[in-house]
Amino acid sequence: MKQTAQQEASDPSTSTPRATKFVSDFFGSASADEVEGFLESLSDNAIAALPYLFEHWAHEHQVEPEGDWTTWVILGGRGAGKTRAGSEWVRAQVEGSLPTDPGRCRRVALMGETYDQVRDVMVMGESGILACSPPDRRPQWEASRRRLVWPNGAEAVCYSASDPEALRGPQFDCAWADELAKWKKAEDAWDMLQFGLRLGDRPRQVVTTTPRSAPLLRRLLDAEGTVRTSAPTWANKVYLAEDFLTKITARYQGTRLGRQELAGELLDGIEGALWSHAGLDGGRVDAAPELHRVVVAVDPPVTGSKTSDACGLVVAGVVMEGPPQSWKAYVLEDATVKAASPQEWAAAAVRLYHKHGADRIVAEVNQGGDLVETVVRQVEALVPYKGVRATRGKVARAEPVASLYEQGRVHHVGGHADLEDQMCQMAAEGYQGAGSPDRVDALVWALTELMIEPAAAFRQPRVRGLR
């Protein structure tokens, strides 16, 4: 048995998808003397190769599934080893038996939410491709071209899901998509990636993501040709700080956020929620028609510092044809921002106002009062502005807006994953998520301004005396 392990460990290129996990099993069960004796029996090269024999160290959810699949989705809690699995899968596709031998694939797409995240996590991260590659077959990073080039000529090019148009033209024989559930332009980016997967006999792709109930992810998991593996954070506990596990478990275990971010569960809606993901999916559209009014709604944080809550920023518009009961609203953008100062979120609101040709900025003033308007006008003095004040609780304000959704009168243009997650955690008993529902608050103010208040005025005409 030791001789077999030594022979395998001496060759860093050994890669068998279903290899026996001798090394990890041996180290997990052997005595200290047996481990020391085993290591002493290995050559220096064999010891150097041990960290790169991933098939011997991998957890079950990190092992490539058997069968004729097209997409492998790896769901996992924070720190569960998703990035390592993605890096090692790319290695297995592009590497041959020797460093200069061809592998199964030569053109790889690496796709994350932004270019920086692809570079910092998928390429250069602690579990990224460079860190996982043995010295004799480690690819070269060409920063100017955003690509990796292996000794055998294989290439992996970085793409941003925020820039789907960059995928027009290139073609690939495999792809790795990271954190798909949080992509802002998920549908467009995914579609463009599929059009590019047209090389080789059987193009495949791996998706590594924390499970969030995003429309694209749910649809992908149900698609023919998709396989999935999943694991909680603690499946990889040997590589995580004990203090982290203790604190994070004490704080979040048993909570909805903990089930998603730690247990790696893909959650359905909560009982009594005002919105459901299925309902939001049913009202989703690709584009809005010509709108009669557009507003930018702002839910400012109580304080203005790096530790403050996020500032809710939501843009919505309305088509006001016929009586109010036939009006329809369209949610155009969730641009909620974590701002270090009031000037930052005010500037973001004004940018949205110009970007969407809005009619007005609407901002809650319960906490900031007149200072909210002052901050906005410091950015642009003449921008149309309306301050609104909450006189009822969050749920009471949200319920009439939720009714508009039930009536099929509000549509989301594209996906807004963060906003929709918050919406589906707003229940009759209050907000069930962590922190403040800043995005939902901004949404409610936008649709109240566009739909609720104008409809109330329409139903209750007033007589005005003439002087």
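Going by the structure above, here's the rest.
Presented here is an overview of the structure given in this document. (Residues numbered from 1 in each chain as written. Predicted model: local features only at pLDDT ≥ 70, side-chain atom pairs only at ≥ 80, totals over all residues. Heavy atoms only, no water.)

## Considerations on the sheet that holds strand E3 (residues 140-142)
Here comes step 1: Overall, mixed pairing links the eight strands, which are arranged E3-E4-E5-E2-E6-E7-E1-E8 in an open sheet. Where the open sheet ends on each side, the last strands, each with one partner, are E3 and strand E8 (226-231). If you compare each strand with its neighbour and ignore which way they point, the axes differ by 15° on average.
Here comes step 2: Bridge count for strand E2 (residues 107-112) against strand E6 (residues 174-178) is four bridges, and the pairing is parallel. (Pairing = 2+ DSSP bridges. Helix = DSSP H or I, 4+ residues; strand = E, 2+ residues; numbered from the N terminus. Axes fitted to C-alpha atoms, helices over the stretch in contact; angles between N-to-C directions.)

## Some remarks on the pairing of E6
Here comes step 1: For E6, the tally of buried residues reaches five of five residues, placing the bulk of the element in the interior.
Here comes step 2: Side chains Cys174, Trp176 and Asp178 project from E6 onto one buried face, and the interleaved Ala175 and Ala177 project onto a second face that is buried too.
Here comes step 3: Inspection of the sheet shows E6 paired to strand E7 (residues 204-209) by five bridges, in the parallel sense. In the sheet register, Asp178 faces E7, and the bridge partner there is Thr208.
Here comes step 4: Viewed along the sheet, the connection from E6 through helix H9 (residues 186-196) into E7 turns out right-handed. (Buried < 20%, exposed > 50% of the residue type's maximum accessible area, 1.4 Å probe, protein only. Right-handed = clockwise from strand over helix to strand, strands pointing away.)

## Topic: the pairing of strand E10 (residues 293-299)
Here comes step 1: The element E10 is largely enclosed, with a buried count of seven among its seven residues.
Here comes step 2: Of the strand pairs in this sheet, E10 and strand E13 (residues 360-364) are connected by four bridges, and their pairing is parallel. Within E13, the position partnered with Val298 by the bridge is Ala363.

## Looking at the sheet that holds E10
Here comes step 1: Reading across from one edge, E9-E15-E12-E11-E10-E13-E14 is the order of the seven strands in this open sheet, with mixed pairing throughout. The two strands at the open ends of the sheet, each matched to only one other strand, are strand E9 (284-285) and strand E14 (385-388).
Here comes step 2: Looking at chain direction, E9 and strand E15 (residues 410-413) are connected through two bridges and run parallel. Within the sheet, the bridge partner assigned to Arg284 lies in E15 and is His412.
Here comes step 3: Running at roughly 160° to E14, helix H15 (residues 370-379) makes contact with E13 and E14 of the sheet. (Contact = heavy atoms within 4.5 Å.)

## A closer look at the side chain of Thr336
Here comes step 1: Positionally, Thr336 belongs in the loop between strand E12 (328-334) and helix H14 (342-355).
Here comes step 2: Residue class for Thr336 comes out buried when judged on its relative accessible area of 15%.
Here comes step 3: Within the local environment of Thr336, its side chain forms a polar contact with the backbone nitrogen of Leu313, the two atoms lying 3.2 Å apart.
Here comes step 4: For Thr336, the side chain forms a polar contact with the side chain of Asp334, separated by 2.7 Å. (Polar contact = N/O pair within 3.5 Å; in protein donor to acceptor, adjacent residues only side chain to side chain.)

## Section: the packing of H14 against H15
Here comes step 1: Relative to each other, H14 and H15 sit at 65°, their axes nearing to 9 Å. In the packing of H14 onto H15, the handedness of the crossing is right-handed. Counted together, Pro342, Gln343, Trp345, Ala346, Ala347 and Val350 of H14 and Val372, Val375, Val376, Gln378 and Val379 of H15 form the full contact between these two elements. (Left-handed = near helix turned anticlockwise from the far one by under 90°.)

## Digging into the pattern of salt bridges
Here comes step 1: Evaluated as defined, the whole model comprises 30 salt bridges.
Here comes step 2: Between Glu95 and Arg137 there is a salt bridge, with the nearest N and O atoms lying 3.4 Å from each other. Separated by 42 residues along the polypeptide, Glu95 in the loop between helix H6 (82-94) and E2 and Arg137 in the loop between helix H8 (129-132) and E3 bring together distant segments of the chain.
Here comes step 3: For Arg168, the salt bridge identified is with Glu165, shortest N-O distance 2.6 Å.
Here comes step 4: Linked through salt bridges whose partners overlap, the residues forming this network are Arg84, Glu88, Arg91, Glu95, Asp136 and Arg137. (Salt bridge = Lys/Arg side-chain N within 4 Å of Asp/Glu carboxyl O.)

## Let's talk about the packing of aromatic side chains
Here comes step 1: What the rule picks out here adds up to four aromatic pairs.
Here comes step 2: Taken together, a centroid distance of 6.5 Å and an interplanar angle of 40° make the contact between Trp69 and Trp89 tilted. Placement of the pair is Trp69 in the loop between helix H5 (54-57) and strand E1 (71-76) and Trp89 in helix H6, with a sequence separation of 20 residues.
Here comes step 3: Given a relative accessible area of 3%, Trp89 falls into the buried group.
Here comes step 4: Where Tyr159 meets Phe172, the ring centres are 5.5 Å apart and the plane angle is 75°; that geometry is what we call edge-to-face. (Phe/Tyr/Trp six-rings, centres within 6.5 Å; stacked < 30°, edge-to-face > 60°.)

## Topic: the packing of H9 against helix H10 (residues 215-222)
Here comes step 1: Between H9 and H10, the least distance of the axes is 9 Å, while the angle of their chain directions is 40°. The pairing of H9 with H10 is recorded here as oblique in orientation. Where H9 abuts H10, its residues Ala186, Glu187 and Trp190 lie against Pro215, Leu216, Arg219 and Leu220.
Here comes step 2: Across the contact of H9 with H10, the residue classes tally to five nonpolar, no polar and two charged. (Parallel < 35°, antiparallel > 145°, perpendicular 65-115°, else oblique. Nonpolar A, V, L, I, M, F, W, Y, C, P; charged D, E, K, R; others polar.)

## Description of unusual backbone geometry
Here comes step 1: At Arg146, a residue that is not glycine, the phi angle is positive and equals roughly 50°.
Here comes step 2: Relative to the elements of secondary structure, Arg146 occurs in the loop between E3 and strand E4 (147-149).
Here comes step 3: If you check the backbone angles, Glu179 has positive phi at about 50° while not being a glycine.
Here comes step 4: On the secondary structure map, Glu179 appears in the loop between E6 and H9.

## Here we look at the nonpolar core
Here comes step 1: Judged by nonpolar contacts, the single largest core of 35 residues is most densely connected at Trp275, Tyr405, Met423, Leu443 and Leu447.
Here comes step 2: Contributing elements (two or more residues each) for this core: E10, strand E11 (312-319), E12, helix H16 (394-406), helix H17 (417-423) and helix H18 (438-459).
Here comes step 3: When residues in this core are grouped by element, the largest group, nine residues, is from H18.
Here comes step 4: Sequence-distant contacts of Leu447, defined by excluding residues within four places in its chain, comprise Ala316, Ala329, Val401, Tyr405, Val410 and Ile452. (Core = buried A, V, L, I, M, F, W, Y, C linked by side-chain atoms within 4.5 Å.)

## Let's talk about H6
Here comes step 1: The first and last C-alpha atoms of H6 sit 19 Å apart over 13 residues, in line with the 18 Å expected at 1.5 Å per residue.
Here comes step 2: In terms of burial, H6 is largely enclosed, as eleven of its 13 residues are buried.
Here comes step 3: Those residues of H6 that sit buried are Lys82, Thr83, Ala85, Gly86, Ser87, Glu88, Trp89, Val90, Arg91, Gln93 and Val94. (Expected span 1.5 Å × (residues − 1).)

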